[in-house]
Amino acid sequence: MSAVGTPLSDAASRAALFAPGGASRLVVKVGSSLLVAPDGAVRRAWLETLVDDLAQRRAAGQQILLVSSGAIALGSRRLGLPKGGRASLEDAQASAATGQILLAGLWAELLGAHGLTAAQILVTLGDFEDRRRFLNASATLDRLLQLGAIPILNENDTVATEEIRFGDNDRLAARAAQAGRADALILLSDIDGLYTANPAEDPEARFIETVPDIGAIAHMASSASSSGMGSGGMAAKVEAARIAHVAGVPVAIVAGKPDHPLQRFAETGRGTIFTAPDALSARKAWLAGRMQLLGRLHVDAGAARALGEGKSLLAAGIVRVEGGFRRGDAVDVICPDGRAIARGLVGYDAADARLIAGKRSDEIAGLLGYAPRSAMIHRDQMVML
Ligand code: GLU
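Throughout what follows, the structure given in this document is the object of discussion. In this text, all values refer to a predicted model and were calculated from it rather than measured experimentally.

**Thoughts on the environment of Asp-91**
Along the chain, Asp-91 turns up in helix H5 (residues 89-112). Sequence separation between Asp-91 and Gly-75 is 16 residues, and the spatial gap between their C-alpha atoms is 9.6 Å. If we ignore the near neighbours within four places in the chain, the residues touching Asp-91 are Leu-81 and Gly-85.

Structural data, given as structure tokens:
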């Protein structure tokens, strides 16, 4: 089996992006099948080696954010439910409720043995979709990390309904990396990385060391997961890598099963690494990925041109305001031919936007009765589509 992709020069440099010197904030995602054996028992001896690795990184100054699966697997054993607690949504939710308390206790105990403080955060998909909640989660993560704690995230499976869940912790980890303004993400998994085909079935399958262009490998994602315990699978990992990629966060998919998986990765560089573009695009990536848009600002040709040159959107260039939104909501900017050309967080609520649309800056203060903001959408809060 030979490797494809653009190999980074050597093992150390491959892992350097994820090392304390390369990433001051790291997200580590731990899959269910690593934490919990097929019989439902905790893989405690292994977990202690992972916690050793984490403690070493903390001691070297790296801030760590954990995304831990395993609640459903642990809880189903305690409740005696079949199919690892995944026979129905109700079973999964009951298992998660029971298992999460065990999982959090386990992390708190093992990290505590190294003098580290664990902090539990349970999130739903909406917590990261909504800007205010995203910023709130982000501020909480930031504060915990400043205080030296290790936030441990999982999906709030007990209340999430099927349609509005992450469902897998790979994508949750990628969003958490955005929210936590992390520099890198390691997905510890029951597989050792990405292959060009399923290695169990295809002798021609080649291991992919480095993915510089996420678009080129999207078709390779196969949803097969060897454990059947978590819900991740390859497709979720590639999707997670895409979310992280647009946020400028490099991702490594690394074999988690061996003891000391992080130390092993640091020494061997073994894993599939998704490199990421310039981190400056991170915030704009969050914007571009927004799905809930609450308004449309129609602009004239001059304003459309100015946006193309990287300028902010001023009230003067707006010809019509559609929708009901509050300051800070995401809106699209529509050019005269009807195309959405940009997306941004609007500086005014809809009523004030209507009041000042088409008006010059020197008229705006009088209309509003307060000192105006510098733009309807500041260029830092906007992404061209
Ligand atoms: N949130 C689920 C749990 O704690 C795991 C999701 C996943 O398998 O990625 O059991």
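**Things to note about the side chain of Ser-312**
In this fold, Ser-312 is placed in the loop between helix H12 (301-308) and strand S13 (318-323). A polar contact is formed between the side chain of Ser-312 and the backbone nitrogen of Arg-379, at a distance of 2.9 Å. Here Ser-312 is in contact with Leu-307, Ala-375, Ile-377, His-378, Arg-379 and Met-382, once residues within four sequence places are set aside.

**A few points about unusual backbone geometry**
Positive phi values are uncommon outside glycine, yet Arg-181 reaches one of about 45°. Within the secondary structure, Arg-181 is located in the loop between helix H8 (169-179) and strand S6 (184-189).

**Looking at helix H3 (residues 44-59)**
Over its 16 residues, H3 runs 22 Å from end to end, which matches the ideal 22 Å to within 8%, given 1.5 Å per residue. Here H3 has its buried residues at Trp-46, Leu-47, Thr-49, Leu-50, Val-51, Asp-53, Leu-54, Ala-55 and Arg-57.

**Looking at the packing of aromatic side chains**
One pass over the full model with this rule turns up three aromatic pairs. Consider the rings of Phe-128 and Phe-134, whose centres lie 6.1 Å apart with planes at 75°: the pair is edge-to-face. Taken individually, Phe-128 and Phe-134 each receive the classification buried, so the pair is uniform in this respect. Note on Tyr-195 and Phe-207: the rings are 5.2 Å apart at their centroids and 70° apart in plane angle, and the pair reads as edge-to-face. With a gap of twelve residues between them, Tyr-195 in strand S7 (residues 194-195) and Phe-207 in strand S8 (residues 207-208) connect regions that are remote in the sequence. Residue placement shows Arg-270 over the ring face of Phe-207; its charged tip is 3.9 Å from the ring centre.

**Considering the pattern of salt bridges**
For the coordinates displayed, the defined rule picks out 18 salt bridges. Here Arg-132 makes a salt bridge to Asp-329, at a shortest N to O gap of 3.4 Å. On the criterion of sequence distance, the pair formed by Arg-132 in helix H7 (residues 131-146) and Asp-329 in the loop between S13 and strand S14 (330-334) is long-range, its members being 197 residues apart. Put simply, Arg-360 and Asp-362 hold a salt bridge, and the shortest N to O gap is 3.2 Å. Three or more residues are tied together by salt bridges with common partners; here these are Arg-25, Asp-142 and Arg-181.

**Examining the packing of helix H4 (residues 71-79) against H5**
Running from N to C, H4 and H5 cross one another at 100°; their axes reach a closest spacing of 6 Å. Judged by the inter-axis angle, H4 sits roughly perpendicular to H5. In this structure, H4 contributes Ala-71, Ile-72, Leu-74, Gly-75, Ser-76, Arg-78 and Leu-79 to the contact, and H5 contributes Ala-92, Ala-94, Ser-95, Ala-96, Thr-98, Gly-99, Gln-100, Leu-102 and Leu-103.

**What to know about the sheet that holds S14**
With respect to topology, five strands assemble into an open sheet ordered S13-S12-S14-S15-S16, the strand pairing being mixed. The open sheet has two free edges, formed respectively by S13 and strand S16 (382-384), since each of these has just one partner strand. Taking the axes of each pair of neighbouring strands and ignoring which way they run, one obtains an average angle of 20° across the sheet. Strand direction decides the pairing type here: strand S15 (residues 340-345) and S16, joined by three bridges, are antiparallel. Each bridged residue has a counterpart across the sheet, and for Gly-344 the counterpart in S16 is Met-382.

**Observations regarding the packing of H3 against H5**
For the pair H3 and H5, the least separation of the axes is 10 Å and the interaxial angle reads 55°. In this view, H3 runs oblique relative to H5, as classed from their interaxial angle. As H3 packs across H5, the resulting crossing turns out to be right-handed. Residues Arg-44, Leu-47, Glu-48, Leu-50, Val-51 and Leu-54 of H3 pack against Leu-106, Trp-107, Glu-109, Leu-110 and Leu-111 of H5. For the contact of H3 with H5, a count of residues per class yields eight nonpolar, no polar and three charged.

**Considerations on the pairing of strand S12 (residues 295-299)**
Within S12, four of the five residues are buried, which leaves the element mostly enclosed by the surrounding structure. With five bridges connecting them, S12 and S13 associate as antiparallel partners. What sits directly across from Val-299, in S13, is Ile-318. Both S12 and S14 contribute to a ladder of three bridges, which runs parallel. By the bridge assignment, His-298 is partnered in S14 with Ile-334.

**Section: the nonpolar core**
Judged by nonpolar contacts, the single largest core of 39 residues is most densely connected at Val-27, Phe-128, Leu-153, Leu-185 and Phe-274. Listing elements by their share of this core, those giving two or more residues are strand S3 (63-68), strand S4 (118-123), H7, H8, S6, helix H9 (233-246) and strand S10 (251-255). If you look at the next biggest cluster of nonpolar residues, it comprises 36 residues, including Leu-66, Trp-107, Leu-110 and Leu-111.

**Structural notes on the sheet that holds S10**
Taken together, eight strands build an open sheet; the order of strands is S4-S5-S3-S2-S6-S10-S11-S9 and the sheet is mixed. One side of each edge strand has no neighbouring strand; the edge strands of this open sheet are S4 and strand S9 (210-211). For S9 and strand S11 (residues 272-274), the ladder comprises two bridges, and the chain directions are parallel. Within S11, the residue paired with Thr-210 across the bridge is Ile-273. Strands in contact with H9 are strand S2 (25-30), S6, S10 and S11; relative to S10, the strand with the most contacts, it is inclined by about 150°. Across the face of the sheet, helix H10 (residues 261-268) comes into contact with S2, S6, S10 and S11 while running at roughly 110° to S10.

Conventions we followed
- Residues numbered from 1 in each chain as written.
- Predicted model: local features only at pLDDT ≥ 70, side-chain atom pairs only at ≥ 80, totals over all residues.
- Heavy atoms only, no water.
- Helix = DSSP H or I, 4+ residues; strand = E, 2+ residues; numbered from the N terminus.
- Contact = heavy atoms within 4.5 Å.
- Polar contact = N/O pair within 3.5 Å; in protein donor to acceptor, adjacent residues only side chain to side chain.
- Expected span 1.5 Å × (residues − 1).
- Buried < 20%, exposed > 50% of the residue type's maximum accessible area, 1.4 Å probe, protein only.
- Phe/Tyr/Trp six-rings, centres within 6.5 Å; stacked < 30°, edge-to-face > 60°.
- Lys NZ or Arg CZ within 6 Å of the ring centre and 35° of its normal.
- Salt bridge = Lys/Arg side-chain N within 4 Å of Asp/Glu carboxyl O.
- Axes fitted to C-alpha atoms, helices over the stretch in contact; angles between N-to-C directions.
- Parallel < 35°, antiparallel > 145°, perpendicular 65-115°, else oblique.
- Pairing = 2+ DSSP bridges.
- Left-handed = near helix turned anticlockwise from the far one by under 90°.
- Nonpolar A, V, L, I, M, F, W, Y, C, P; charged D, E, K, R; others polar.
- Core = buried A, V, L, I, M, F, W, Y, C linked by side-chain atoms within 4.5 Å.

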